[in-house]
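# A closer look at the structure
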Amino acid sequence: MTHISTSISSVDAVILRPKELPRKDRGNGASTVPLVGAHLGATAFLNGITTFAPGAAIGHHSHNCVESVAVIEGTAYVDIDGTEHYLDTYDTTFVPANIVHRFRNASETEEMKIFWTYASIDATRTMAGTTDRNRIDEEQANQPPVTEGVNA
(Lines give C-alpha, C1' and ligand atoms only; values in the text may rest on other atoms or scores of the structure.)
Protein backbone atom coordinates (compact mmCIF):
# COMPACT_ATOMS: atom_id res chain seq x y z
CA MET A 1 0.00 0.00 0.00
CA THR A 2 1.35 3.40 -0.94
CA HIS A 3 0.22 6.60 0.80
CA ILE A 4 0.47 9.83 -1.16
CA SER A 5 0.35 13.09 0.77
CA THR A 6 -1.57 15.90 -0.87
CA SER A 7 -1.50 19.63 -0.28
CA ILE A 8 -5.28 20.10 -0.06
CA SER A 9 -6.42 17.22 2.16
CA SER A 10 -5.58 15.98 5.63
CA VAL A 11 -6.23 12.44 4.35
CA ASP A 12 -3.62 10.72 2.19
CA ALA A 13 -4.44 9.40 -1.25
CA VAL A 14 -3.69 5.66 -1.29
CA ILE A 15 -2.79 3.07 -3.89
CA LEU A 16 -3.94 -0.37 -2.78
CA ARG A 17 -2.43 -3.56 -4.17
CA PRO A 18 -4.82 -6.44 -3.38
CA LYS A 19 -2.12 -9.09 -3.86
CA GLU A 20 -0.18 -7.48 -0.98
CA LEU A 21 -3.12 -7.14 1.44
CA PRO A 22 -4.40 -9.72 3.94
CA ARG A 23 -7.34 -11.97 2.98
CA LYS A 24 -10.24 -12.93 5.19
CA ASP A 25 -11.49 -16.49 4.76
CA ARG A 26 -15.27 -16.34 4.33
CA GLY A 27 -15.65 -20.13 4.34
CA ASN A 28 -17.09 -22.38 1.62
CA GLY A 29 -14.22 -21.51 -0.76
CA ALA A 30 -14.63 -17.72 -0.64
CA SER A 31 -12.09 -15.18 0.62
CA THR A 32 -12.22 -11.40 0.78
CA VAL A 33 -9.62 -8.66 0.48
CA PRO A 34 -11.13 -5.51 1.99
CA LEU A 35 -9.92 -2.38 0.22
CA VAL A 36 -11.29 1.11 0.95
CA GLY A 37 -12.88 1.78 4.31
CA ALA A 38 -12.87 4.12 7.29
CA HIS A 39 -9.33 2.94 8.16
CA LEU A 40 -8.19 4.98 5.12
CA GLY A 41 -10.47 7.93 5.77
CA ALA A 42 -13.49 6.92 3.67
CA THR A 43 -16.70 8.48 4.94
CA ALA A 44 -19.34 7.29 2.46
CA PHE A 45 -18.53 3.78 1.15
CA LEU A 46 -16.63 0.51 1.58
CA ASN A 47 -15.28 -1.76 -1.14
CA GLY A 48 -13.23 -4.87 -1.69
CA ILE A 49 -12.71 -8.02 -3.74
CA THR A 50 -14.04 -11.48 -2.98
CA THR A 51 -12.56 -14.52 -4.71
CA PHE A 52 -14.60 -17.71 -5.14
CA ALA A 53 -12.96 -21.08 -5.72
CA PRO A 54 -14.49 -23.23 -8.47
CA GLY A 55 -18.12 -23.97 -7.55
CA ALA A 56 -17.94 -21.91 -4.34
CA ALA A 57 -20.84 -19.86 -2.98
CA ILE A 58 -21.53 -17.57 -0.05
CA GLY A 59 -24.68 -17.84 2.03
CA HIS A 60 -27.86 -15.88 1.40
CA HIS A 61 -27.69 -12.55 3.20
CA SER A 62 -28.84 -8.93 3.14
CA HIS A 63 -27.33 -5.54 3.94
CA ASN A 64 -28.63 -2.40 5.61
CA CYS A 65 -27.59 -0.30 2.60
CA VAL A 66 -27.30 -0.46 -1.18
CA GLU A 67 -24.64 -2.79 -2.61
CA SER A 68 -23.19 -2.90 -6.09
CA VAL A 69 -21.12 -5.86 -7.31
CA ALA A 70 -19.17 -6.25 -10.56
CA VAL A 71 -17.84 -9.61 -11.73
CA ILE A 72 -14.20 -8.83 -12.52
CA GLU A 73 -13.05 -12.35 -13.35
CA GLY A 74 -14.96 -15.44 -14.46
CA THR A 75 -18.71 -16.00 -14.43
CA ALA A 76 -21.23 -16.11 -11.62
CA TYR A 77 -24.78 -16.68 -10.57
CA VAL A 78 -26.49 -14.16 -8.35
CA ASP A 79 -29.68 -15.02 -6.52
CA ILE A 80 -31.59 -11.82 -5.79
CA ASP A 81 -34.74 -12.22 -3.72
CA GLY A 82 -35.17 -15.85 -4.84
CA THR A 83 -34.47 -15.43 -8.56
CA GLU A 84 -31.14 -16.60 -9.97
CA HIS A 85 -29.38 -14.70 -12.77
CA TYR A 86 -26.25 -15.59 -14.77
CA LEU A 87 -23.48 -12.96 -14.78
CA ASP A 88 -20.61 -12.71 -17.22
CA THR A 89 -17.35 -10.85 -16.60
CA TYR A 90 -18.03 -7.13 -15.99
CA ASP A 91 -21.77 -7.62 -15.49
CA THR A 92 -22.74 -5.49 -12.50
CA THR A 93 -25.52 -5.70 -9.93
CA PHE A 94 -27.34 -3.08 -7.88
CA VAL A 95 -29.04 -4.60 -4.85
CA PRO A 96 -31.21 -2.35 -2.65
CA ALA A 97 -30.96 -2.50 1.13
CA ASN A 98 -32.56 -5.46 2.95
CA ILE A 99 -32.91 -7.66 -0.17
CA VAL A 100 -31.69 -11.23 0.35
CA HIS A 101 -29.07 -12.26 -2.21
CA ARG A 102 -25.97 -14.37 -2.73
CA PHE A 103 -23.25 -14.97 -5.30
CA ARG A 104 -21.79 -18.26 -6.47
CA ASN A 105 -19.14 -19.21 -8.97
CA ALA A 106 -20.71 -20.55 -12.18
CA SER A 107 -17.55 -22.50 -13.05
CA GLU A 108 -16.46 -25.82 -11.59
CA THR A 109 -12.89 -25.30 -12.88
CA GLU A 110 -11.98 -21.57 -12.72
CA GLU A 111 -11.92 -18.95 -9.96
CA MET A 112 -14.43 -16.09 -10.00
CA LYS A 113 -13.85 -12.64 -8.49
CA ILE A 114 -16.25 -9.85 -7.62
CA PHE A 115 -15.57 -6.22 -6.76
CA TRP A 116 -18.14 -4.99 -4.24
CA THR A 117 -19.11 -1.57 -2.98
CA TYR A 118 -21.43 -0.73 -0.09
CA ALA A 119 -23.02 2.72 -0.01
CA SER A 120 -22.21 3.24 3.67
CA ILE A 121 -19.19 2.84 5.94
CA ASP A 122 -21.72 1.50 8.47
CA ALA A 123 -22.75 -1.39 6.20
CA THR A 124 -23.83 -4.62 7.87
CA ARG A 125 -24.44 -8.19 6.69
CA THR A 126 -27.31 -10.25 8.09
CA MET A 127 -27.36 -13.93 7.19
CA ALA A 128 -30.77 -15.01 5.88
CA GLY A 129 -32.95 -16.79 8.39
CA THR A 130 -30.96 -15.43 11.34
CA THR A 131 -30.56 -12.28 13.33
CA ASP A 132 -26.76 -12.57 13.04
CA ARG A 133 -25.71 -9.09 11.93
CA ASN A 134 -22.06 -8.17 11.46
CA ARG A 135 -20.46 -4.92 10.42
CA ILE A 136 -18.64 -5.16 7.10
CA ASP A 137 -15.85 -2.94 8.41
CA GLU A 138 -15.03 -5.62 10.99
CA GLU A 139 -13.63 -7.54 8.01
CA GLN A 140 -11.28 -4.60 7.51
CA ALA A 141 -9.98 -4.70 11.07
CA ASN A 142 -6.87 -6.58 9.92
CA GLN A 143 -5.96 -3.87 7.40
CA PRO A 144 -2.94 -1.65 8.02
CA PRO A 145 -3.82 1.67 9.66
CA VAL A 146 -3.63 4.86 7.62
CA THR A 147 -0.27 5.81 9.20
CA GLU A 148 1.52 2.77 7.73
CA GLY A 149 3.02 2.64 4.27
CA VAL A 150 5.45 4.59 2.18
CA ASN A 151 4.82 8.16 1.08
CA ALA A 152 5.51 8.63 -2.60
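Here the structure is a predicted model, which means the values were calculated and not measured.

## Quick word on the confidence of the model for the protein chain
Considering every residue of the protein chain, the mean pLDDT works out to 90; 91% of them sit at 70 or more. In the model, residues 143-152 has pLDDT below 50 throughout and makes 24 contacts with residues more than four positions away in sequence or in other chains.

## A look at the pairing of strand 13 (residues 124-127)
Alignment of strand 6 (residues 61-63) against strand 13, held across 3 bridges, turns out to be antiparallel. The partner of His61 across the bridge, within strand 13, is Met127. Of the strand pairs in this sheet, strand 13 and strand 14 (residues 133-135) are connected by 3 bridges, and their pairing is antiparallel. Its bridge partner being in strand 14, Thr126 is matched across the sheet by Arg133. Linking strand 13 to strand 14, which pair antiparallel, is a turn of 5 residues; within it Gly129 sits at a positive phi near 80 degrees.

## Points about the packing of aromatic side chains
What the rule picks out here adds up to 2 aromatic pairs. Ring geometry for Tyr77 versus Tyr86: centroids 5.6 Å apart, planes at 70 degrees, classification edge-to-face. Pairing Trp116 with Tyr118 gives two aromatic rings, centres 5.0 Å apart and planes at 50 degrees, and the pair type is tilted. Classification of Tyr118 as buried rests on a relative accessible area of 2%.

Reading guide: rules and limits
- Residues numbered from 1 in each chain as written.
- Predicted model: local features only at pLDDT ≥ 70, side-chain atom pairs only at ≥ 80, totals over all residues.
- Heavy atoms only, no water.
- pLDDT = per-residue confidence, 0-100.
- Contact = heavy atoms within 4.5 Å.
- Pairing = 2+ DSSP bridges.
- Helix = DSSP H or I, 4+ residues; strand = E, 2+ residues; numbered from the N terminus.
- Phe/Tyr/Trp six-rings, centres within 6.5 Å; stacked < 30°, edge-to-face > 60°.
- Buried < 20%, exposed > 50% of the residue type's maximum accessible area, 1.4 Å probe, protein only.

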